[in-house]
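Residues per chain, in single letters:
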Amino acid sequence: NFVQQFGFLNSKNNKKVFRLDPDSYAVRALEKWNGETGTATKSAMFTKNTTRRDEPITHADTVGDALAATLHAHGSVNVDHMAKLLGKHADVVKKMMVDEGVGYEEPGEGFKPADQYLSGNVRRKLVMAKAAAAADPKYQANVDALMKVQPEDVDHTEITARLGFQGLPGRPDR
């Protein structure tokens, strides 16, 4: 067997062999290593169930916790689920998300987590948010949040190109 021929997975010699493998931790986890005695036993996964069922979250104390729970359960913002977790009306939850800066309603797209909404093409999103705020003041919070994450303009004098530069890979116009 392997242990008789090569020693324990977590022995000093085998660790040297595995050192370049970024996934070696998973193989070495098959043993429970005792550093004092220099011996190992099979890990618990060989003798008992080491996983448990994912229990659904039924309550949240904060809108941030409710957002995390609904992202885990649904993969997207589900305001009705968040309202159920918080014991509040969906309209109250929407306002709480915006007031606390954890989520924003993207015009025409629905609610997005703040980290998603406030990234990407934030210049385009700001133009859309300003247009939406002109029609409905509830989007003014989006405008305010997007203003804070706008990148600085780069002056043309700060841009340099190397000779022979072919453009960006994957661009059909290059």
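Look up a bit, the structure's there.
About the thresholds
- Residues numbered from 1 in each chain as written.
- Predicted model: local features only at pLDDT ≥ 70, side-chain atom pairs only at ≥ 80, totals over all residues.
- Heavy atoms only, no water.
- Helix = DSSP H or I, 4+ residues; strand = E, 2+ residues; numbered from the N terminus.
- Contact = heavy atoms within 4.5 Å.
- Areas by Shrake-Rupley, 256 points an atom, 1.4 Å probe, with all protein chains shown as cover.
- Lys, Arg positive; Asp, Glu negative; His and termini not counted.
- Charge placed at Lys NZ, Arg CZ, Asp CG, Glu CD.
- Salt bridge = Lys/Arg side-chain N within 4 Å of Asp/Glu carboxyl O.
- Buried < 20%, exposed > 50% of the residue type's maximum accessible area, 1.4 Å probe, protein only.
- Core = buried A, V, L, I, M, F, W, Y, C linked by side-chain atoms within 4.5 Å.
- Phe/Tyr/Trp six-rings, centres within 6.5 Å; stacked < 30°, edge-to-face > 60°.
- Lys NZ or Arg CZ within 6 Å of the ring centre and 35° of its normal.
- Expected span 1.5 Å × (residues − 1).
- Arc of directions from axis to C-beta.
- Pairing = 2+ DSSP bridges.

**A few points about the overall build of the chain**
Turning to step 1, where the next piece is worked out: On a plain count of helices and strands, the chain comes out with nine helices and four strands.
Turning to step 2, where the next piece is worked out: Of the regular secondary structure in the chain, the N- to C-terminal order runs α-α-α-β-β-α-α-α-β-β-α-α-α.
Turning to step 3, where the next piece is worked out: Across the chain, every contact between residues at least 6 apart in sequence was considered, and the portion connecting residues at least 24 apart equals 30%.
Turning to step 4, where the next piece is worked out: Of the accessible surface of the chain, which amounts to about 13000 Å², a share of 53% is contributed by carbon and sulfur atoms.
Turning to step 5, where the next piece is worked out: On the chain, the mean spot of the 24 positive side-chain charges and the mean spot of the 23 negative ones are 8 Å from each other.

**Quick look at the pattern of salt bridges**
Side chains bearing opposite charge may pair, as long as their charged atoms lie close to each other.
Turning to step 1, where the next piece is worked out: For the coordinates displayed, the defined rule picks out three salt bridges.
Turning to step 2, where the next piece is worked out: Notably, a salt bridge pairs Lys-95 with Asp-99, separated by 2.7 Å at the nearest N-O pair. Of this pair, Lys-95 and Asp-99 both sit in helix α6 (residues 90-100), four residues apart, which is roughly one turn of that helix. For the pair shown, Lys-95 and Asp-99 are each scored as exposed.
Turning to step 3, where the next piece is worked out: Between Glu-105 and Lys-138 there is a salt bridge, with the nearest N and O atoms lying 3.2 Å from each other. Taken together, the positions of Glu-105 in strand β3 (residues 103-106) and Lys-138 in the loop between α8 (122-135) and α9 (140-148) put the pair 33 residues apart, joining distant regions of the chain.

**Regarding the nonpolar core**
Turning to step 1, where the next piece is worked out: Among the nonpolar cores identified, the biggest contains 29 residues, and Val-63, Val-77, Met-82, Val-93 and Met-97 are the most heavily contacted of them.
Turning to step 2, where the next piece is worked out: Counting only elements with at least two residues in this core, the list comes to α4 (63-74), α5 (79-86), α6, α7 (114-117), α8 and α9.
Turning to step 3, where the next piece is worked out: Leave out the neighbours within four places in its chain, and Val-77 touches Leu-67, Thr-70, Leu-71, Met-82, Met-97, Phe-111, Lys-112 and Pro-113.

**What about the environment of Glu-109?**
Turning to step 1, where the next piece is worked out: One can find Glu-109 in the loop between β3 and β4 (110-113).
Turning to step 2, where the next piece is worked out: Note on Glu-109: relative accessible area 52%, which makes it exposed.
Turning to step 3, where the next piece is worked out: In sequence terms Glu-109 and Gly-38 are 71 residues apart; their C-alpha atoms lie 58 Å from each other.

**Digging into the packing of aromatic side chains**
Turning to step 1, where the next piece is worked out: Applying the stated criterion to the full structure yields three aromatic pairs.
Turning to step 2, where the next piece is worked out: Note on Phe-2 and Phe-6: the rings are 5.0 Å apart at their centroids and 40 degrees apart in plane angle, and the pair reads as tilted. With Phe-2 and Phe-6 both in helix α1 (residues 2-6) and four residues apart, the pair spans about one turn of that helix.
Turning to step 3, where the next piece is worked out: A relative accessible area of 45% places Phe-6 in the partly exposed class.
Turning to step 4, where the next piece is worked out: Its guanidinium or amino end placed over the ring of Phe-46, Lys-42 lies 5.3 Å from that ring's centre, counting from NZ or CZ.

**Quick look at α4**
Turning to step 1, where the next piece is worked out: In a regular helix each residue adds 1.5 Å, so twelve residues correspond to 16 Å; α4 covers 16 Å between its end C-alpha atoms and thus fits that length.
Turning to step 2, where the next piece is worked out: Those residues of α4 not exposed but buried are Val-63, Ala-66, Leu-67, Ala-69 and Thr-70. Buried residues along α4 cover an arc of 165 degrees about the axis, so they all sit on one side.
Turning to step 3, where the next piece is worked out: Just downstream of α4 lies Gly-75, where phi reads positive at about 80 degrees.

**Observations regarding the pairing of β4**
Turning to step 1, where the next piece is worked out: Pairing between β3 and β4: four bridges, direction antiparallel. Following the sheet pairing, Glu-106 is matched in β4 by Gly-110.
Turning to step 2, where the next piece is worked out: Linkage of β3 to β4, two consecutive antiparallel strands, is achieved through a turn of three residues, within which Gly-108 is found at a positive phi near 80 degrees.

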